[in-house]
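# Residue-level structure breakdown
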Amino acid sequence: MESHGFGRPNINLTRREVLAAGAPRIASAAPSGQLTYGVHVALTPNWLDPAETQGIITPFMVLYALHDAMVKPMPGKAEAPCLAESWTASADGLTYDFVIRKEAKFHNGEPVTAEDVKFSYERYRGTSHDLMKGNVASIETPDPQHVRFKLKKPWPDFLNFYSNASGAGWIVPKKYVEKVGDEAFKQAPIGAGPYKFVSFTPGVELVLEAFEGYWRKPPSVKRLVMKVIPDEATRLAALKHGEVDIAYSIRGELAEELEKTPGLALKPVVLQAPNWLYFPEQWDPKSPWHDLRVRQAANLAIDREGMSQALFLGYCKITNSIIPYTFDFYWQPPAAAYDPGKAKKLMAEAGFANGFDAGLLYCDSSYANMAEISANNLGEIGIRTKLEPIERAGFFAGYASKKYTKGIIQGASGAFGNAATRLAAFVVKDGAFAYGSYPDIDALYPQQADELDHEKRASMLAKMQQLVHDKSIYAPIWQLGFLNGVGPRVGEAGFGQIPGFAYTAPFEDLTIKS
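All of these numbers come straight from a predicted model, not from anything done at the bench.

Criteria and cut-off values
- Starting from 1, residues in each chain are numbered consecutively following that chain's sequence as written.
- Residues qualify for local features only when their pLDDT is at least 70, as the model is predicted, and side-chain atom pairs are given and counted only at 80 or more; totals for whole chains, interfaces and linings, by contrast, use all residues.
- Side-chain metrics in this entry use all non-hydrogen atoms of the structure; hydrogen atoms and water are not considered.
- Strand pairing is assigned whenever DSSP identifies at least 2 bridges connecting the two strands.
- Working definition: helices are DSSP H or I runs of at least four residues, strands are E runs of at least two. Numbering for both runs from the N terminus.
- When two rings of Phe, Tyr or Trp (its six-membered ring) have centres within 6.5 Å they constitute a pair, described as stacked for plane angles under 30 degrees, edge-to-face for angles over 60, and tilted for the intermediate range.
- Partly exposed describes any residue whose relative accessible area lies between the buried limit of under 20% and the exposed limit of over 50%, with all areas from a 1.4 Å probe on protein chains only and scaled to the type maximum.
- Any Lys NZ or Arg CZ found within 6 Å of a ring centre and within 35 degrees of that ring's normal is scored as a charge over the ring.
- For every element, the axis is a line fit to its C-alpha atoms; helices are fit only across the contacting stretch, and the angle between N-to-C directions ranges from 0 to 180 degrees.
- The contact definition used throughout considers only heavy atoms, calling two residues in contact when any of these lie within 4.5 Å.
- The span you would expect from a helix comes to 1.5 Å times its residue count less one.
- Note: the arc covers the axis-to-C-beta directions of the helix.
- In the analysis that follows, any N or O atom pair within 3.5 Å is treated as a polar contact, provided that within protein one partner can donate a hydrogen and the other can accept it, and provided that, for residues neighboring in sequence, both atoms belong to side chains.
- Throughout this description, any angle smaller than 35 degrees is read as roughly parallel, any larger than 145 degrees as roughly antiparallel, any in the 65 to 115 degree range as roughly perpendicular, and the remainder as oblique.
- Helix crossings are classified by the rotation of the near helix relative to the far one: an anticlockwise turn of less than a right angle makes the crossing left-handed, while a clockwise turn makes it right-handed.
- Here the term charged refers only to Asp, Glu, Lys and Arg, the term nonpolar to Ala, Val, Leu, Ile, Met, Phe, Trp, Tyr, Cys and Pro, and the term polar to all other amino acids, Gly among them.

### Looking at the sheet that holds strand 9 (residues 205-210)
- Within the open sheet, the 10 strands sit side by side as 8-9-10-1-11-16-12-15-13-14. Their pairing is mixed. Edge strands, defined here as strands with exactly one partner in the open sheet, are strand 8 (195-201) and strand 14 (383-390).

### Topic: the packing of aromatic side chains
- Using the criterion set out here, one finds 45 aromatic pairs in the structure.
- Seen from their ring centres, F60 and W170 are 5.5 Å apart, and the 65° between their planes marks the pair as edge-to-face. Residue F60 is located in helix 1 (residues 60-66), and its partner W170 is located in the loop between helix 4 (158-165) and helix 5 (174-180); the two are separated by 110 residues in the primary sequence. W170 shares its class with F60; the two are buried.
- Look at F482 and Y503: their rings are 5.9 Å apart centre to centre, the planes differ by 90°, and that puts the pair in the edge-to-face class. Of this pair, F482 sits in strand 16 (residues 474-486) while Y503 sits in the segment after strand 16, and the two are 21 residues apart along the sequence. The pair F482 / Y503 is uniform in exposure class, with both members buried.
- A cation over an aromatic ring shows up here: R101 above the ring of W215, its NZ or CZ 3.9 Å from the ring centre.
- Over the face of the ring belonging to F185 we find R123, whose NZ or CZ atom lies 5.6 Å from the ring centre.

### Quick notes on helix 2 (residues 114-123)
- Within helix 2, seven of the 10 residues are buried, leaving the element largely enclosed by the surrounding structure.
- Buried within helix 2 we find A114, D116, V117, F119, S120, Y121 and R123.

### Details of the pairing of strand 3 (residues 77-81)
- Along strand 3, four of the five residues are buried, which leaves the element largely enclosed by surrounding structure.
- By the bridge criterion, three bridges tie strand 2 (residues 71-74) to strand 3 in an arrangement that is antiparallel. Bridging from a neighbouring strand, M74 pairs with K77 of strand 3.
- Here strand 2 folds back onto strand 3 in antiparallel fashion, the turn holding two residues, of which G76 has a positive phi close to 80°.

### A look at the sheet that holds strand 5 (residues 95-100)
- Spatially, the four strands line up as an open sheet ordered 4-5-7-6, and their pairing is antiparallel. Only two strands of the sheet have a single neighbouring strand rather than two, namely strand 4 (84-89) and strand 6 (136-143). Going from strand to strand, the sheet's axes swing by 20° on average, the running direction of each strand aside.
- With five bridges joining them, strand 6 and strand 7 (residues 146-151) adopt antiparallel strand pairing. Counted as the bridge partner of S138 is K150 from strand 7.
- Against the sheet, helix 2 engages strand 5, strand 6 and strand 7, with an angle of about 160° to strand 6.
- Here helix 4 sits on the sheet in contact with strand 4, strand 5, strand 6 and strand 7, set at roughly 35° to strand 5.

### Some remarks on the environment of G379
- Its location among the elements puts G379 in helix 12 (residues 368-380).
- Sequence separation between G379 and A301 is 78 residues; the distance between their C-alpha atoms is 8.9 Å.

### Notes on the environment of A353
- When you line up the elements, A353 lands in the loop between helix 11 (340-349) and strand 13 (356-364).
- Along the primary structure A353 and S472 are separated by 119 residues, whereas in three dimensions their C-alpha atoms are 20 Å apart.

### Things to note about helix 16 (residues 454-470)
- Over its 17 residues, helix 16 extends 24 Å from the first C-alpha to the last, a length consistent with the 24 Å expected when each residue adds 1.5 Å.
- Three or more residues of helix 16 are buried, namely R457, M460, L461, M464, Q465, L467 and V468. When helix 16 is viewed along its axis, its buried side chains cluster within an angular range of 155° and face the same direction.
- Where helix 16 is buried, its residues contact helix 14 (419-426), helix 15 (439-450) and strand 16.
- With a side-chain oxygen lying 3.0 Å from the backbone nitrogen of E455, the N-terminal cap of helix 16 falls on D453.
- A positive backbone phi angle near 45° is found at S472, which sits one or two residues after helix 16.

### Section: the packing of helix 9 (residues 292-301) against helix 11
- One can describe the packing of helix 9 onto helix 11 by two numbers: an axis separation of 8 Å at closest approach and a directional angle of 165°. Viewed along their axes, helix 9 and helix 11 adopt a mutual orientation that is roughly antiparallel. Considering only the axes of helix 9 and helix 11, their crossing is left-handed. In this structure, helix 9 uses R293, V294, Q296, A297, L300 and A301 to contact helix 11, whose residues at the interface are P340, K342, A343, L346, M347 and E349.
- Here the contact of helix 9 with helix 11 is composed, by residue class, of eight nonpolar, one polar and three charged.

Any functional reading would require information that these geometric values do not contain.
Written out as structure tokens, the structure reads:
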């Protein structure tokens, strides 16, 4: 199956197709040395288990090292054969057959088998759980190397969801998980990725060591240490002093300082991660947010360009959409405008000439600096709000459990997928992060999901995105320009190798300068 650009599904499933096996394994020198990361968010045990993935990209920062998937995004290929060396789709689009690599092993030396693949799929309980369970009729394991997925009806997005928009295709060892249980698995996970688990102190650091039996190739760096350093200035200081080799998320004046520091390199990556403001009260007739003009005013109040310059040296891409522009079926909305004068006029027309108290603005604490600027922008047109920063894992757990029903939510997602997978999570009725929905959009979702004609499907998805824009369900801010720092010891840092991906990967390709 050829890939149609990053994060895009294979559309043409009408002919039987076979994907050739990946490149043969190359012998190389024994792993040596250590790379240390300064990580911007507190690492949580849930991110060590692919069954828990929440429709955000952060867990993949760790998953790409510790675990492996049947099929996953890799350099140059959105759906690269990994633990699966090949797969075929039946002409009627109802059956997918996967062949597992003979050389694929878990860190405990056990082979990866069809039973593990089936087990991993069935225990997946992340964001796309209901959607996937609703479409898959059965999973058969004819022998240890073969897995067959049977669908209830043709589902053009099956491979997209299985390979990259969920954690369902990331494989864990059945016998081990059953022996120790889910909670103990997170304390001492065994995966099939390029690095094996050594130790983890939640919120402090994760230590990993090269797995020399990794099928693709043994990693060249022996040990990886991911240290949690929530404060940005402290992360930069650690990078300057050589205490860390790679520092995630260095912004604003600190990024300028990094650029001027000899031996350090700024690595910007434009992520498939739109950021936005969301108005969960818009479905409440008593709330000011119920009035479309108020939501339109909020959209006009945000100075996106000024914020990008101030915080991200202008690296963010302003698209005015909550869907990444690189995704298949993306529809380009009209350009975002910054017009506080027009915003105030709309507020007055809606009966809020003196503004209103909007309550709390919930945000991931590592992006509180963005939320602060948005709060000031909104304040200028009379929408008064108070910042409520929450550590990332807790913030997304609250967001997904529909805890933030009042106020404003500053959200984001860098997860893999296409326009349909994003709409499923963030717009459509019962979506993991949808606090309400609109019947005209909901009606289009099942129609596009079943549509096998690419053009017809594209026009339905364009219509859905246009309705999201017209109703101002969100105030999209931008696609994040993620700025990172790399120290002098690092050879290949792995930023930007997998297009749109936030973090360093593939880990087995990282090098230390000799």
